[in-house]
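# Close look at the chain arrangement
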Amino acid sequence: MNKDLTVGKPETVLWKFCLPLFGSIIFQQLYNIADSLVAGKFISEYALAAVGNSYEITLIFIAFAFGCNMGCSVIVSQLFGAKEYRTMKTAVTTACIFSAVLCGILMLIGVLGCNQLLHLIRTPDEVFFDSALYLDIYVWGLPFVFFYNISTGIFSALGDSKTPFYFLALSSTANIAVDILFVKAFNMGVAGVAWATFLCQGVSCALAVFTVWMRLKKITFQGTASLFDWHLLKKIAAIAIPSILQQSFISIGNIIIQGVINGFGPAVMAGYSAAVKLNNLVITSFTTLGNGISNYAAQNMGAGKLPRIKDGFRAGVKLVWLLSLPLVLLYFFAGSAVLKLFIEQPTPTALSTGVFYLRILSPFYFVISSKLVIDGILRGTGLMKSFMISTFIDLILRVLLAVLLSKTPLGATGIWCAWPIGWTVATILSIHFYRQGPWKS
């Protein structure tokens with residue numbers, strides 16, 4: 001069901017829209033969490049390290065899919081809020097064509113260059129083969145990743161956050177079962193983990209694309225919508241490219257950090273791999289809520305209702321802080337128990353690595369979640385320069401400090417300290433940019 005986010009009490013509207021998004025991303029993250037869990041439990045600690053090592057490279061591909069999602073979603077949201085339905089449909093098909101071309105280019109790069117990337121991040125010999133195998137299979141599933149992201153972006157733009165939740169709940173649950181089937185029953189090792197994700201993402205993509213197509217057919221307007229429009233592509237790209245750059249540079253930064261971590265050996269890699277999945281579950285969840293706030297802000301921007309954006313900011317911060325509290329308590333006090341879900345018999349080094357990581361980062365979830373709410377508003381209202389500045393400051397600080405602190409007596413623990421510093425400085429910048437927005441009074 002399509003939903004107009006420009007009417008109704010802002011807090012109620014935003015929460016009803018964003019909570020299904022939060023559920024969706026939990027299930028979305030179960031894809032990668034299931035891969036790591038099954039690899040660590042049913043194969044080996046080295047298999048867990050290989051999946052985690054490959055994951056940092058897959059995030060680069062996901063960054064491009066995410067950028068296409070945001071470019072399409074924000075522009076379609078603005079057009080939907082302004083009730084310009086014919087132009088809105090042209091924006092959808094333009095975004096799909098653009099995404100298909102970009103996906104093809106990335107698949108070519110992935111097929112030819114993934115091994116070089118694995119060498120670049122100093123992947124140990126013990127995990128190199130499995131890392132390369134996982135990546136090779138993942139690359140062939142990129143069309144599913146791209147068009148699923150485009151579809152969810154359109155759903156969100158139309159105010160529907162429940163349909164993607166249903167698809168993801170089904171497919172991610174199936175992914176866990178297929179992971180175990182391929183690894184335990186068929187003894188496929190890391191390849192089984194990768195193929196399970198490939199198949200389940202394909203099913204969820206097909207369902208999402210079909211449903212979007214049927215939903216758009218029901219929106220009527222006068223005249224005929226064009227298949228492609230260069231002007232709309234420029235508007236989509238103005239949102240998509242900064243979002244792609246943001247996510248890509250974050251992924252590149254994470255790859256650099258992964259390279260530093262790899263120098264500490266497979267045990268530290270395994271502990272980090274498990275812990276970073278738990279951390280990414282939280283950060284990606286808050287990022288997705290920020291995307292929902294982008295849709296809310298974009299629809300209200302299109303409708304000319306700027307005061308509702310300020311109300312949405314307050315409601316968004318309240319929501320993410322309420323969600324942060326149980327997550328902080330879980331990771332800080334029960335991190336060891338959660339990490340043991342990923343590793344059957346963790347070495348002391350692997351377990352202590354993951355525990356220190358979670359205890360250092362989790363208290364700062366209140367900080368980074370606030371930034372991601374502001375990012376959503378800045379992106380949804382087209383203030384991409386401000387959005388990019390705060391994002392790059394965060395990234396640069398985290399990468400530089402991770403490299404520098406890893407060389408101190410703190411060792412790997414010093415790397416984890418870089419996250420809170422980068423998050424805090426970037427959040428202060430984001431708050432400053434928000435206060436300078438067109439809704440200030």
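This text follows the structure it describes.
Quantities reported herein were computed from a predicted structural model and do not represent experimental measurements. (Residues numbered from 1 in each chain as written. Predicted model: local features only at pLDDT ≥ 70, side-chain atom pairs only at ≥ 80, totals over all residues. Heavy atoms only, no water.)

### Digging into the overall build of the chain
Helix and strand counts for the chain come out as 15 helices and zero strands. Taken against the 2.2 N^0.38 rule, which gives 22 Å for 441 residues, the C-alpha radius of gyration of the chain at 21 Å falls within 12% of a compact globule. Overall size of the chain, expressed as C-alpha extent along the three principal axes, is 65 × 45 × 35 Å. Here the chain holds 441 residues, and the buried ones make up 60% of them. Summing over all exposed atoms, the chain offers an accessible surface of approximately 17,300 Å²; the carbon and sulfur share of this is 71%. (Helix = DSSP H or I, 4+ residues; strand = E, 2+ residues; numbered from the N terminus. Rg over C-alpha atoms; globule rule 2.2 N^0.38 Å. Buried < 20%, exposed > 50% of the residue type's maximum accessible area, 1.4 Å probe, protein only. Areas by Shrake-Rupley, 256 points an atom, 1.4 Å probe, with all protein chains shown as cover.)

### Structural notes on the nonpolar core
Phe286, Tyr357, Tyr365, Trp416 and Trp419 are the most contacted members of the largest nonpolar core, which totals 121 residues. The element contributing the most residues to this core is helix α2 (residues 45-81), with 16 residues. Apart from the residues lying within four places of it in its own chain, the contact partners of Phe286 are Val320, Leu323, Ser324, Leu327, Tyr365, Ser369 and Leu372. Residues Ala39, Ile137, Val190 and Ala194 belong to the second largest nonpolar core, which totals 12 residues. (Core = buried A, V, L, I, M, F, W, Y, C linked by side-chain atoms within 4.5 Å. Contact = heavy atoms within 4.5 Å.)

### Re the pattern of salt bridges
For the structure on display, the rule yields five salt bridges. The salt bridge partner of Lys318 is Glu11, with a shortest N-O separation of 3.5 Å. Of this pair, Lys318 sits in helix α10 (residues 307-339) while Glu11 sits in helix α1 (residues 10-43), and the two are 307 residues apart along the sequence. Of the residues examined, Lys318 reaches a relative accessible area of 43% and is grouped as partly exposed. A salt bridge links Arg398 to Asp394, with the nearest nitrogen and oxygen atoms 3.0 Å apart. On the criterion of helical spacing, the pair formed by Arg398 and Asp394 is a turn pair, its members being four residues apart in helix α13 (residues 384-406). The same class applies to Arg398 as to Asp394, namely buried. (Salt bridge = Lys/Arg side-chain N within 4 Å of Asp/Glu carboxyl O.)

### A closer look at the packing of helix α8 (residues 230-262) against helix α9 (residues 266-302)
Running from N to C, α8 and α9 point in directions that differ by 140°, and their axes come no closer than 8 Å. Between α8 and α9, the angle falls in the class oblique. Taking contact as the criterion, the partners of Gln258, Ile261 and Asn262 in α8 are, on α9, Val268, Met269 and Tyr272. When grouped by side-chain class, the residues that make up the contact of α8 with α9 number four nonpolar, two polar and no charged. (Axes fitted to C-alpha atoms, helices over the stretch in contact; angles between N-to-C directions. Parallel < 35°, antiparallel > 145°, perpendicular 65-115°, else oblique. Nonpolar A, V, L, I, M, F, W, Y, C, P; charged D, E, K, R; others polar.)

### Concerning the environment of Thr12
Along the chain, Thr12 falls in helix α1. Residue classification places Thr12 among the partly exposed positions, given a relative accessible area of 35%. As a C-alpha pair, Thr12 and Ser336 span 324 residues in sequence and 37 Å in three-dimensional space.

### Points about a nonpolar patch on the surface
The grouping of Ile97, Val101, Ile105, Ile109 and Leu227 at the surface amounts to a nonpolar patch, some 460 Å² of accessible area in total. Among the structural elements, Ile97 can be located in helix α3 (residues 85-120). Classification of Ile97 as partly exposed rests on a relative accessible area of 33%. (Patch = residues over 30% accessible without salt bridge, like charges linked within 9 Å, V, L, I, M, F, W, Y side chains within 5 Å.)

### So, the packing of aromatic side chains
For the structure shown, the criterion picks out 17 aromatic pairs. Between the aromatic rings of Tyr357 and Trp416, the centroid separation amounts to 5.2 Å while the plane-to-plane angle is 80°, which identifies the pairing as edge-to-face. In this pair, Tyr357 sits in helix α11 (residues 348-361) while Trp416 sits in helix α14 (residues 412-416), placing the two residues 59 residues apart along the sequence. A relative accessible area of 0% means that Tyr357 is categorised as buried. (Phe/Tyr/Trp six-rings, centres within 6.5 Å; stacked < 30°, edge-to-face > 60°.)

### What to know about helix α15 (residues 418-435)
Since one α-helical turn is 3.6 residues long, residues separated by three or four positions face the same way. For α15, spanning 18 residues, the distance from its first C-alpha to its last is 27 Å, which sits close to the expected 26 Å at 1.5 Å a residue. Within the sequence span of α15, burial applies to Ala418, Trp419, Pro420, Gly422, Trp423, Ala426, Thr427, Ser430, Phe433 and Tyr434. Buried residues of α15, viewed axially, fall in a sector of 165°; they line one side. Away from its buried face by more than 90 degrees, α15 exposes Ile428 and Arg435. (Expected span 1.5 Å × (residues − 1). Arc of directions from axis to C-beta.)

### What to know about the environment of Leu181
Position of Leu181 among the secondary structure elements: in helix α6 (residues 162-185). On the basis of relative accessibility, which here comes to 39%, the residue Leu181 falls in the partly exposed class. Between the alpha carbons of Leu181 and Ile97 there is a distance of 36 Å; along the sequence they are 84 residues apart.

### Re unusual backbone geometry
For Lys83, which is not a glycine, the phi torsion comes out positive at approximately 60°. Mapped onto the secondary structure, Lys83 falls in the loop between α2 and α3. For Asn187, which is not a glycine, the phi torsion comes out positive at approximately 55°. Residue placement: Asn187 occurs in the loop between α6 and α7 (189-217).

### Re the side chain of Thr94
When you line up the elements, Thr94 lands in helix α3. Sequence-distant contacts of Thr94, defined by excluding residues within four places in its chain, comprise Leu227, Phe228, Asp229, Leu233 and Ile236.

### Side note on the packing of helix α5 (residues 142-157) against α6
Closest axis-to-axis distance for the α5/α6 pair is 8 Å, and the angle between their directions is 145°. Note on element contacts: α6 touches α5 through Thr163, Pro164, Phe167 and Leu168, opposite Tyr148, Thr152 and Phe155. Broken down by class, the residue content of the contact of α5 with α6 amounts to five nonpolar, two polar and no charged.

### Comments concerning the environment of Gly189
When you line up the elements, Gly189 lands in helix α7. Considering only alpha carbons, one finds Gly189 and Asp179, 10 residues apart in sequence, at a separation of 9.6 Å. What Gly189 contacts, discounting residues up to four positions off in sequence, is Ile43 and Val183.

Geometry only, nothing functional implied.
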